[in-house]
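Remarks on the overall topology
Residue strings, one per chain:
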Amino acid sequence: MSDKVLTVKNLCAGYHGSEVLNDISFSVNPGDYVGICGPNGSGKSTMVKIILGLMEPVSGEISLLGKEQSAFKEWQRIGYLPQGLQFFNPHFPATVDEVVRLGRLSGKKFPRRFNRDDAQAVERTMEWMGISHIKGCMIGELSGGLRQRVLLARALVNDPALLVLDEPTTALDPETRESFYKLIFEMNRERKATVLLVTHDTATIGKYASHLLYLDKKVIFYGDFDDFCNSSEMTGFFGEHGQHLVCHRH
Amino acid sequence: MDITEMLSYGFMQRALIGGSLIAILCSVLGVFLVLRRLSLIGDGLAHVTFGSVALALFFRLHSIYMTLAIIPVVLASAMGILKLGQKAKIYGDAAIGIVSAIGIATGVMLASIAGGFNVDLFSYLFGNILSISSSELVIAAVLFGIVITCVVVFYNELFASTFDEELAKSSGLDTDRINSVLVLLTALTVVLAMKVVGIMLISALLILPAVSALQVAKGFKTAIVCSACIGVSTVIVGISLSFALNLPTGAAIVLFNFFIFLVAFAIRNLRRRR
């Protein structure tokens, strides 16, 4: 059995006959922080949706935490935070703690009832994320930054081994975005969670990610972030000033 | 109005009990449907029910068996709406429109072929809660038990997929199954509600208590309980007003529901200003 958190082999995908992903292969080790970058339409979000089983690929194999995706059932070990909710309704009558508790549904057997352990996990996560004081507030009444923090708490409430984030900071102001990145970095360091972060923000991801996957329908670069900084691919994409723009670290 | 006198009539007792059961079903399911932008599914299925009633009358089914006979047709139509949306890549409102149009056209066509029916088919469009029989009350109670049990059992899954279907799916939930449960429960409820407020007014009972509750509720469970309370109280007040003032019952229930919506809307605005 593989000790890889994620393995993608020869993945191909498309919409209505047009190719979006072509022969993607890579693997992620436990504890890695992988930044996934690429231009618009490069297939980043499509790949994430396929990894999470939300979309069918044309061909290819995926294994999650050592198991083939088709046989994988431990979805509680994977946390997912999308760019935004699919059809977010600001008048949705859910409180913050109700939303965080929803994260505990994965992995539960029918009829999926909550128990005391769930209540404790919800309390603990809200406290860690600094949202305990708003637990009774309605999700629609929160600012964009706080709402993403609540959804991140929902993704983290099971203490997942793999956290998948699809452009989670797009709608946030620069200050909130920075604190959000720090939070994810802290989680990667302290809780040893493997992180897969899709972002357009190549400049910021350089400060936090250990690995970079650069996609443009196919894998342009995958490897250690420092190797990327010294690679011809980096200069090819970002020009000779890319070193200053992308490769500054802590 | 003499309440004792009103409650002494058997038909009033049946109307109040049956009406309350239907109100709870509609208003609880309504919260899920409104939030999923499926509010008009009640309207679409009501038209299918109209077509199914015409079919039952065409084959001269006794009125006692009519409700039981049309249930499978309406359930199949509910699944049709769901599958049209998923497989034919048609938006939900268009799928509801297609099934709705077929339902009403079938009813009109069968009425025309039969040269009219002994009972007035169009009376089903407006319904009469005061004519609910003891056997219909029993059917209503049984189906009430089934629907409410299902909502309680699937509550967390229904909540998760109503909040965000993609997030629910990424948690390993079978959202197709949950969607099927919701539309099938709605179909059962529509068949029942037909007798209570008439199929033209079912939509109102599915939508109005839910949107009123959503104006004031803080939390998902609170919204459901609040919606059920509004549904029951508006049915009771509507029936009582229609008895006292000799008004059409279905219309009285719907108009009182609208009044409650206005009150809830005002409360929401007052809260915002504070």
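Residues numbered from 1 in each chain as written. Chains lettered and ligands numbered in written order. Predicted model: local features only at pLDDT ≥ 70, side-chain atom pairs only at ≥ 80, totals over all residues. Heavy atoms only, no water.

1. Brief notes about the overall build of chain A
What counts, and what does not: Think of it this way: any DSSP run of H or I at least four residues long counts as a helix, any run of E at least two long counts as a strand, and we number them from the N terminus. Each radius of gyration reported is based on C-alpha atoms, and the globular scaling rule is 2.2 Å times the count of residues to the power 0.38. Exposure classes here rest on a 1.4 Å probe applied to the protein chains alone. A residue is buried below 20% of its type maximum, exposed above 50%, and partly exposed in between. Contacts are residue-level and defined by heavy atoms, with any inter-residue pair within 4.5 Å sufficient. Using a 1.4 Å probe, the Shrake-Rupley method yields the accessible areas, and only the shown protein chains count as cover for residues. Positive charges come from Lys and Arg alone, negative charges from Asp and Glu alone, with His and the N- and C-terminal ends not counted. Just so you know, the charge point we use is NZ for Lys, CZ for Arg, CG for Asp and CD for Glu.
What chain A contains, in helices and strands, is nine helices and ten strands. Against the 2.2 N^0.38 benchmark of 18 Å for 250 residues, chain A shows a C-alpha radius of gyration of 18 Å, consistent with a compact globule. Of all 250 residues assigned to chain A, the portion counted as buried reaches 52%. Within chain A, contacts between residues at least 6 apart in sequence are counted, and of these 65% link residues at least 24 apart. Just so you have it, chain A exposes about 11,300 Å², and 48% of that area is on carbon and sulfur atoms. Positive and negative side-chain charges of chain A, numbering 28 and 30 respectively, have mean locations separated by a distance of 7 Å.

2. Concerning the packing of aromatic side chains
Residue and element names in this part refer to chain B. The condition is simple: Between 30 and 60 degrees the pair is tilted, below 30 it is stacked and above 60 it is edge-to-face, where a pair is any two Phe, Tyr or Trp rings, Trp via its six-membered ring, whose centres lie within 6.5 Å.
Summed over the entire model, instances satisfying the criterion amount to 21 aromatic pairs over all chains. Centre to centre, the rings of phenylalanine 258 and phenylalanine 261 are 6.2 Å apart; their planes meet at 25 degrees, and the pair counts as stacked. With phenylalanine 258 and phenylalanine 261 both in helix 13 (residues 249-273) and three residues apart, the pair spans about one turn of that helix. Taking the relative accessible area as the measure of exposure, phenylalanine 258 reaches 41% and is therefore partly exposed.

3. Here's the deal with helix 8 (residues 155-163) of chain B
Summarising burial for helix 8 of chain B: nine of the nine residues are buried, a large majority. Among all positions in helix 8 of chain B, only Tyr155, Asn156, Glu157, Leu158, Phe159, Ala160, Ser161, Thr162 and Phe163 of chain B are buried.

4. Details of the interface of chain A and chain B
What counts is decided by this rule: We define buried area as the total accessible area lost by two parts upon association, computed with a 1.4 Å probe and summed across both. Salt bridges, as used here, are contacts in which a Lys or Arg side-chain nitrogen is within 4 Å of a carboxyl oxygen on Asp or Glu. By the criterion applied in these results, polar contacts are pairs of N or O atoms within 3.5 Å in which, for protein atoms, one can donate a hydrogen and the other can accept it, and in which residues neighboring in sequence qualify only through two side-chain atoms. Side-chain classes follow a simple rule in which Ala, Val, Leu, Ile, Met, Phe, Trp, Tyr, Cys and Pro form the nonpolar group, Asp, Glu, Lys and Arg form the charged group, and the remainder, Gly included, forms the polar group.
Each partner contributes to the interface: chain A provides 30 residues, whereas chain B provides 30 residues. Each partner contributes to the roughly 2,800 Å² buried at the junction of chain A and chain B, and carbon and sulfur atoms together form 61% of this total. The interface formed by chain A and chain B includes three salt bridges. Residue glutamate 141 of chain A pairs with lysine 218 of chain B through a salt bridge whose shortest N-O separation is 3.4 Å. Our enumeration of links across chain A and chain B arrives at twelve residue pairs in polar contact (both at pLDDT 80 or more). For the side of chain A that touches chain B, the elements supplying multiple residues, two or more each, are helix 2 (96-102) and helix 4 (144-156) of chain A. Its residues assigned to classes, the side of chain A that touches chain B shows 18 nonpolar, six polar and six charged.

5. Focus on the sheet that holds strand 6 (residues 78-81) of chain A
Residue and element names in this part refer to chain A. Test applied: Whether two strands pair comes down to DSSP finding at least two bridges between them. Only C-alpha atoms enter the line fits that serve as axes; for helices the fit covers just the stretch in contact. Angles between N-to-C directions range over 0 to 180 degrees.
Read from one edge of the open sheet, six strands run 6-7-8-3-9-10, paired in mixed fashion. With one partner strand each, in any of the chains shown, strand 6 and strand 10 (219-224) form the two edges of the open sheet. Neighbouring strand axes in the sheet, compared pairwise and without regard to direction, differ in orientation by 10 degrees on average. In the sheet, strand 6 pairs with strand 7 (residues 162-166) via four bridges, with the strands oriented parallel. Across the sheet, tyrosine 80 pairs through a bridge with valine 164, a residue of strand 7. Contacting strand 6 and strand 7, helix 4 runs over the sheet at an angle of about 165 degrees to strand 6.

6. Some points on a nonpolar patch on the surface
All names here are of chain B. Put simply, the rule reads: Like charges are joined within 9 Å and nonpolar side chains (Val, Leu, Ile, Met, Phe, Trp, Tyr) within 5 Å, but only among residues with over 30% relative accessible area and no salt bridge; these make up the patches.
Where nonpolar side chains cluster on the molecular surface, the patch consists of Leu55, Phe58, Phe59, Leu61, Tyr65, Val73, Met109 and Ile113 and spans about 770 Å² of accessible area. Elements supplying a minimum of two residues to the nonpolar patch: helix 3 (41-58), helix 4 (63-87) and helix 5 (92-113). With respect to the helices, strands and loops of the structure, valine 73 is situated in helix 4. By relative accessible area, valine 73 is classed as partly exposed at 32%.

7. Some words on the nonpolar core
Here is the rule we go by: We call a set of buried Ala, Val, Leu, Ile, Met, Phe, Trp, Tyr and Cys residues a nonpolar core when their side-chain atoms join them within 4.5 Å.
In this structure, Tyr33, Met47 and Leu152 of chain A are the most contacted members of the largest nonpolar core, which totals 163 residues. At 15 residues, helix 2 (residues 10-35) of chain B tops the list of elements feeding residues into this core. Other than its neighbours up to four places away in sequence, leucine 152 of chain A contacts Leu81, Met129, Leu163, Leu165, Phe180, Leu183 and Ile184 of chain A.

8. Overview of the pattern of salt bridges
Residue and element names in this part refer to chain A. Applying the stated rule across the entire model yields twelve salt bridges over all chains. With its nearest N and O atoms 2.8 Å apart, the salt bridge here joins arginine 104 to aspartate 118. Linking arginine 104 in the loop between helix 2 and helix 3 (116-128) with aspartate 118 in helix 3, this pair joins segments that are 14 residues apart in sequence. Each member of the pair arginine 104 and aspartate 118 is classed as buried. As a salt-bridge pair, glutamate 123 and lysine 135 come within 3.2 Å of each other at their nearest N and O atoms. Of the two residues, glutamate 123 is situated in helix 3 and lysine 135 in the loop between helix 3 and helix 4; the sequence distance between them amounts to twelve residues. Looking at lysine 135, the relative accessible area reads 32%, which means it is partly exposed. It is possible to trace a salt-bridge network through shared partners that takes in Lys67, Glu74 and Arg77.

9. Focus: the packing of helix 12 (residues 220-245) of chain B against helix 13 of chain B
Residue and element names in this part refer to chain B. Put simply, the rule reads: Our angle categories are set so that under 35 degrees counts as roughly parallel, over 145 as roughly antiparallel, 65 to 115 as roughly perpendicular, and the remainder as oblique. Working rule for handedness: look at the near helix, and if it is turned counterclockwise from the far one by less than a right angle, call the crossing left-handed; if clockwise, right-handed.
For the pair helix 12 and helix 13, interaxial distance at closest approach is 8 Å and the crossing angle is 130 degrees. In terms of axis orientation, helix 12 runs oblique to helix 13. Helix-helix and strand crossings are classified by hand; for helix 12 and helix 13 the assignment is right-handed. Residues Ile230, Ser233, Thr234, Val235, Val237, Gly238, Ile239 and Ser242 of helix 12 form the contact with helix 13, whose participating residues are Thr249, Ala252, Ile253, Phe256, Asn257 and Ile260. For the contact of helix 12 with helix 13, the class distribution of residues is eight nonpolar, six polar and no charged.

10. What about the pairing of strand 8 (residues 194-198) of chain A?
Residue and element names in this part refer to chain A. Formally: Look down the strands so they point away from you; if the path from the first strand over the helix to the second goes clockwise, the crossover is right-handed.
Burial analysis of strand 8 places five of its five residues in the buried class, the great majority of the element. With burial as the criterion, each face of strand 8 is covered, one bearing Thr194, Leu196 and Val198 and the other bearing Val195 and Leu197. In terms of strand pairing, strand 3 (residues 33-37) meets strand 8 through four bridges, oriented parallel. Note on strand 8: the bridge partner recorded for valine 34 is leucine 196. Once the chain exits strand 7 it traverses helix 5 (residues 174-190) before rejoining the sheet at strand 8, and the crossover so formed is right-handed.

11. With respect to the confidence of the model for chain A
Test applied: Within a predicted model, pLDDT stands for the predictor's per-residue confidence, ranging from 0 to 100.
On average, residues of chain A score 88 in pLDDT, and 94% of them reach the 70 mark or higher. Looking at the elements of chain A, mean pLDDT is at its lowest for helix 9 (residues 242-246) of chain A, recorded as 66, and at its highest for strand 4 (residues 59-64) of chain A, recorded as 96.

12. Quick notes on the side chain of serine 52 of chain B
All names here are of chain B. Counting through the fold element by element, serine 52 comes out in helix 3. Within the structure, the side chain of serine 52 is placed 2.8 Å from the backbone oxygen of valine 48, a separation counted as a polar contact. Leaving out residues up to four positions away in the same chain, serine 52 has contacts with Ile70, Val73 and Val74.

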